[in-house]
2 protein chains.
Amino acid sequence: MSPASLGEFGRIARFFRPLAAEFPGALGLTDDAALLSVPPGQELVLTTDAIVAGVHFLPTDAPDDIARKALRVNLSDLAAKGARPLAYTLTLAVGRDIGDAWIEAFAAGLAEDQTYYGISLAGGDSVSTGGPVWASITAFGLVDAGRMVTRSGAQPGDVVLVTGTIGDAALGLAVEQGRLSVDAADWNTLVSRYRLPQPRTHLAHAIAAHAHAAIDISDGLAADFGHLCRASGVSGRIVVSRIPQSPAARQAIAASPALMSLVLGGGDDYEVLLTAPANAVPPLIAAAAAAGIGLTAVGIIDRADSDAEVYLIDDDGNRVAVEKAGWTHS
Amino acid sequence: MSPASLGEFGRIARFFRPLAAEFPGALGLTDDAALLSVPPGQELVLTTDAIVAGVHFLPTDAPDDIARKALRVNLSDLAAKGARPLAYTLTLAVGRDIGDAWIEAFAAGLAEDQTYYGISLAGGDSVSTGGPVWASITAFGLVDAGRMVTRSGAQPGDVVLVTGTIGDAALGLAVEQGRLSVDAADWNTLVSRYRLPQPRTHLAHAIAAHAHAAIDISDGLAADFGHLCRASGVSGRIVVSRIPQSPAARQAIAASPALMSLVLGGGDDYEVLLTAPANAVPPLIAAAAAAGIGLTAVGIIDRADSDAEVYLIDDDGNRVAVEKAGWTHS
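A quick note: this is a predicted structure, and the numbers were derived from the prediction, not measured.

Attention now goes to the overall build of chain A. For chain A, the helix and strand inventory stands at 10 helices and 11 strands. Taken over C-alpha atoms, the radius of gyration comes to 20 Å for chain A, in line with the 20 Å a tight globule of 330 residues would show. On the principal axes, the C-alpha backbone points of chain A span a range of 65 × 50 × 35 Å. Carbon and sulfur atoms make up 53% of the accessible area of chain A, which amounts to about 12,100 Å² in all.

So, in structure tokens, the structure goes:
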């Protein structure tokens with residue numbers, strides 16, 4: 001296959017330069033570097049995540065979805081840190097069999113998300129590869145100085161909350177891989193949640209204002225709650241029956257209760273798990289409602305604990321097993 | 001092959017966390033994001049470059065050399081912009097056949113260069129791939145506000161200068177690929193110049209102080225001079241006999257004069273091409289000498305010219321042919 005190609009410079013000029021038009025520091029992608037100015041009293045939050053065909057997405061996924069997933073997994077990290085999106089750099093690696101139409105669709109996906117989430121392309125690199133397609137993004141956000149929300153601030157007595165619904169993406173991957181059968185409507189719901197994370201960017205301001213600690217759920221609810229508790233030196237518990245689920249996930253689990261362990265361990269939710277003092281819960285819930293984002297109290301931070309024990313418990317207080325599918329995802 | 005593996009988290013803790021120890025904003029690589037503070041009156045310069053096995057390095061290259069090349073191609077961009085290195089993020093993709101020893105050597109290469117160039121790891125991501133090994137780095141530097149040196153500032157009458165020697169890397173690649181035979185000492189010189197760029201970090205302060213425009217030479221001297229002239233809207237000339245060459249390159253060209261066109265077009269030099277007014281040349285040369293870096297006047301910017309014509313001329317004023325090997329390198 002040898003589709004028409006504008007070449008590297010032509011593709012940058014045609015498809016990517018427009019993505020940088022509103023960010024003066026990008027210099028129109030005509031230089032070796034970009035320039036970021038950080039307003040006085042603010043700091044820059046940066047995060048890097050890459051996605052690889054066959055690992056984080058399917059090679060047959062639509063290019064605009066691949067682009068949006070690459071950007072959104074980074075936006076999700078910024079949201080969990082309470083940061084407002086500013087700009088990002090992109091490195092894209094494709095084989096010589098990828099034509100201009102694929103690149104054009106990839107850029108169109110970025111354009112759509114840039115508008116919705118308020119972020120601009122600042123620079124990048126494009127390379128050719130004989131292997132799978134991959135995209136690596138470094139995203140930049142702003143926080144008021146000293147106000148980045150880390151994983152390590154959870155305190156005993158904090159309420160544990162999660163945004164959105166948990167488990168859809170893990171179930172969606174199982175559906176897409178043919179390991180789980182659901183009806184057509186649920187197929188769409190679950191698979192689209194795997195393909196396209198919904199970063200909680202529009203809750204970032206409230207997270208910055210109220211959360212003691214936060215993490216985005218990429219390795220799985222159980223694993224990421226563990227990361228947060230270890231970083232904070234606390235133990236905590238989540239009551240499994242409180243975990244918010246979509247109707248599609250509820251229906252799948254009703255038919256096959258063992259799937260619950262995949263919900264807890266599966267990963268790729270890209271929701272935010274946060275902890276906050278009890279008096280901050282009402283304003284957080286109100287801010288989430290205003291942003292159209294679900295926010296549910298699911299647990300509590302129990303005590304300072306260097307062993308950082310994490311309990312996922314049923315309504316009788318018994319521990320619930322977790323399938324660790326998400327843990328080694330890399 | 002299934003070498004011993006610490007796993008993703010284990011490798012980060014053992015091999016990469018020490019690289020972030022001196023950069024508080026990295027939070028010990030324990031969070032989803034890192035924090036950069038930009039001092040008042042300064043701006044952040046950022047650049048992204050990736051290298052891929054089989055394209056930018058050979059899969060059999062030593063892992064510490066691969067790591068250093070990945071970092072240095074980014075440091076070279078910062079140097080050309082007149083920026084002082086601050087921090088970088090790394091995404092590393094390796095297959096499951098890569099063992100801990102390879103990763104340890106890769107990190108050791110980074111550690112060595114971090115010390116020499118004064119930069120710290122701030123964050124990153126590691127992913128698995130079924131394809132070739134690749135590393136994508138985004139590097140951050142600082143400049144005084146408004147003082148980043150771009151490609152677009154060249155002015156008529158400016159002297160054109162280049163650091164170091166030109167052509168060694170292109171000849172080194174030809175040697176390594178068996179397309180060119182040289183003696184053992186020259187083999188080492190040329191091949192090492194291809195494998196390990198020498199970013200001109202220690203000249204960045206003088207470039208910031210004196211240069212009107214600058215670019216690092218990665219696509220080839222002729223191509224990158226063209227990029228600079230187009231961005232600046234000027235035409236210019238380089239006198240080929242003035243281009244600084246290593247003894248090894250001179251000897252190879254003496255034996256086979258046609259190689260000169262590879263020197264002009266070959267790429268991967270990672271030297272800096274800059275333009276400066278004539279009265280800035282003496283302090284630039286002095287600063288370069290103090291830093292132990294060669295700096296040679298090779299040409300002149302002739303006039304404003306929207307066609308940005310670029311002349312590579314011999315001593316009689318005739319145009320010299322260029323092999324465009326470097327142009328489509330991507």
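Additional details are given in the paragraphs that follow.
All names here are of chain B. Of all 11 residues making up strand β5 (residues 134–144), 10 are buried, and the element is well covered by its neighbours. In terms of strand pairing, strand β2 (residues 42–52) meets β5 through 11 bridges, oriented antiparallel. In the strand pairing of β5, A50 is matched with S136. Pairing of strand β3 (residues 84–94) with β5, which is carried by 9 bridges, proceeds in the antiparallel orientation.

For the rest of this paragraph, the subject is the sheet that holds strand β7 (residues 213–216) of chain B. Residue and element names in this part refer to chain B. Reading across the sheet, the 6 strands line up as β7-β9-β6-β10-β8-β11 and stay open at both edges, with mixed pairing between neighbours. Bordering the open sheet on either side are β7 and β11 (310–313), each of which pairs with just one other strand. The sheet shows a mean angle of 20° between the axes of neighbouring strands, taken without regard to direction. Of the pairings in the sheet, the one linking β7 to strand β9 (residues 272–276) comprises 4 bridges and is antiparallel in character. Bridged to A214 within β9 is L274. Helix α2 (residues 63–80) contacts β7 and β9 of the sheet and is inclined by roughly 175° relative to β7.

Here the focus is the confidence of the model for chain A. In regions of low pLDDT, the predicted coordinates are not meant to be interpreted in detail. Residue and element names in this part refer to chain A. Averaged over all residues, the pLDDT of chain A is 93; the fraction at 70 or higher stands at 96%. Segment residues 325–330 is flagged for pLDDT under 50; beyond a separation of four residues in sequence, or across chains, it makes 19 contacts in the model. Note on the complex model: pTM 0.92, ipTM 0.90.

All names here are of chain A. The strand order across the open sheet formed by 6 strands is β7-β9-β6-β10-β8-β11, and the pairing between neighbours is mixed. The open sheet terminates on both sides in strands that have one partner only, identified here as β7 (213–216) and β11 (310–313). Neighbour to neighbour, the strand axes of the sheet diverge by 20° on average, direction disregarded. Bridge count between strand β6 (residues 159–163) and strand β9 (residues 272–276): 4 bridges; the pairing is antiparallel. Its bridge partner lying in β9, V160 is registered against T275. In the packing of helix α2 (residues 63–80) onto the sheet, the strands contacted are β7 and β9, and the crossing angle to β7 comes to about 175°.

Think of it as a corkscrew move, a rotation about one axis and a shift along it, taking one chain copy to the other. Expressed as a screw transformation, the operator carrying chain B onto chain A has a rotation angle of 180° and an axial translation of 0.0 Å, and the superposed copies differ by an RMSD of 0.0 Å. With respect to symmetry, the two chain copies, as superposed, fit the operation of a two-fold axis. Using C-alpha coordinates, one finds that chain B approaches the rotation axis most closely at G131(B), a distance of 2.1 Å. Interface overlap between copies is the fraction of interface residues in one copy that are interface residues in the other; for chain B against chain A it reaches 100%, indicating a shared surface.

This part takes up the environment of E112(A). Inspection of the secondary structure assignment puts E112(A) in helix α3 (residues 100–117). Sequence separation between E112(A) and V159(A) is 47 residues, and the spatial gap between their C-alpha atoms is 35 Å.

Helical periodicity: at 3.6 residues per turn, an α-helix aligns residues three or four positions apart in one direction. All names here are of chain A. Regarding helix α10 (residues 281–291), the residues found buried are V281, L284, A287 and A288. The arc that holds the buried residues of α10, viewed along the axis, is 130°, so those residues lie on one side. The outward face of α10, more than 90 degrees from its buried face, is lined by the exposed residues P282, A289 and A290. On the buried face of α10, the contacting elements are β6, α6 (204–210), β9 and β10 (295–304). Taken from the residues just after α10, G292 is the one with a positive phi, measuring 70°.

Of the residues lining the interface, 52 residues belong to chain B; the matching set on chain A comes to 52 residues. Between chain B and chain A, roughly 4,100 Å² of surface is buried when both sides are summed, and carbon and sulfur atoms account for 56% of that area. In this structure, the connection of chain B to chain A is made through 6 salt bridges. Between R151(B) and D32(A) there is a salt bridge, and its shortest N-O distance comes to 2.7 Å. Linking chain B with chain A are 25 residue pairs in polar contact (both at pLDDT 80 or more). Among the elements of the structure, α1 (7–16), β1 (34–36), β2, β3, β4 (120–128), β5 and β7 of chain B are those that each provide at least two residues to the side of chain B that touches chain A. In terms of residue count, β2(B) provides more of the side of chain B that touches chain A than any other element does, 9 residues in total. Per-class residue counts for the side of chain B that touches chain A are 22 nonpolar, 19 polar and 11 charged.

Attention now goes to the packing of helix α4 (residues 168–176) of chain B against helix α5 (residues 184–195) of chain B. All names here are of chain B. Relative orientation of the contacting elements α4 and α5 amounts to 110°, with a least axis distance of 7 Å. The orientation of α4 with respect to α5, classified from their angle, is roughly perpendicular. Packed against α4, whose contacting residues are D168, A169, L171, G172, L173, V175 and E176, the element α5 presents W187, L190, V191, R193, Y194 and R195 at the interface. Of the residues that constitute the contact of α4 with α5, the class distribution is 8 nonpolar, 1 polar and 4 charged.

Along strand β2 (residues 42–52) of chain A, 10 of the 11 residues are buried, which leaves the element largely enclosed by surrounding structure. Note that β2(A) and β1(B) share 3 bridges and pair antiparallel. Each residue of the ladder has a partner; that of L44(A), found in β1(B), is L36(B).

In this section: unusual backbone geometry. All names here are of chain A. Although it is not a glycine, L29 sits at a positive phi angle of roughly 60°. On the secondary structure map, L29 appears in the loop between α1 (7–16) and β1 (34–36). Unlike most non-glycine residues, D268 shows phi in positive territory, near 65°. Relative to the helices and strands, D268 resides in the loop between α9 (260–265) and β9.

Another point: the pattern of salt bridges. Two side chains bearing opposite charge may form a pair once their charged atoms approach each other closely. Enumeration over the complete set of coordinates arrives at 32 salt bridges over all chains. A salt bridge links R68(A) to D113(A); the shortest N-O distance between them is 3.2 Å. You can see R68(A) sitting in helix α2 and its partner D113(A) sitting in helix α3, a full 45 residues away along the chain. Judged by relative accessible area, which is 12%, R68(A) ranks as buried. The partner of D113(B) in a salt bridge is R72(B), with the nearest N and O atoms 2.6 Å apart.

Rules behind the numbers
Residues numbered from 1 in each chain as written. Chains lettered and ligands numbered in written order. Predicted model: local features only at pLDDT ≥ 70, side-chain atom pairs only at ≥ 80, totals over all residues. Heavy atoms only, no water. Helix = DSSP H or I, 4+ residues; strand = E, 2+ residues; numbered from the N terminus. Rg over C-alpha atoms; globule rule 2.2 N^0.38 Å. Areas by Shrake-Rupley, 256 points an atom, 1.4 Å probe, with all protein chains shown as cover. Buried < 20%, exposed > 50% of the residue type's maximum accessible area, 1.4 Å probe, protein only. Pairing = 2+ DSSP bridges. Axes fitted to C-alpha atoms, helices over the stretch in contact; angles between N-to-C directions. Contact = heavy atoms within 4.5 Å. pLDDT = per-residue confidence, 0-100. Least-squares fit on C-alpha atoms with pLDDT ≥ 70 in both. Arc of directions from axis to C-beta. Buried area = accessible area lost by both parts, 1.4 Å probe. Salt bridge = Lys/Arg side-chain N within 4 Å of Asp/Glu carboxyl O. Polar contact = N/O pair within 3.5 Å; in protein donor to acceptor, adjacent residues only side chain to side chain. Nonpolar A, V, L, I, M, F, W, Y, C, P; charged D, E, K, R; others polar. Parallel < 35°, antiparallel > 145°, perpendicular 65-115°, else oblique.

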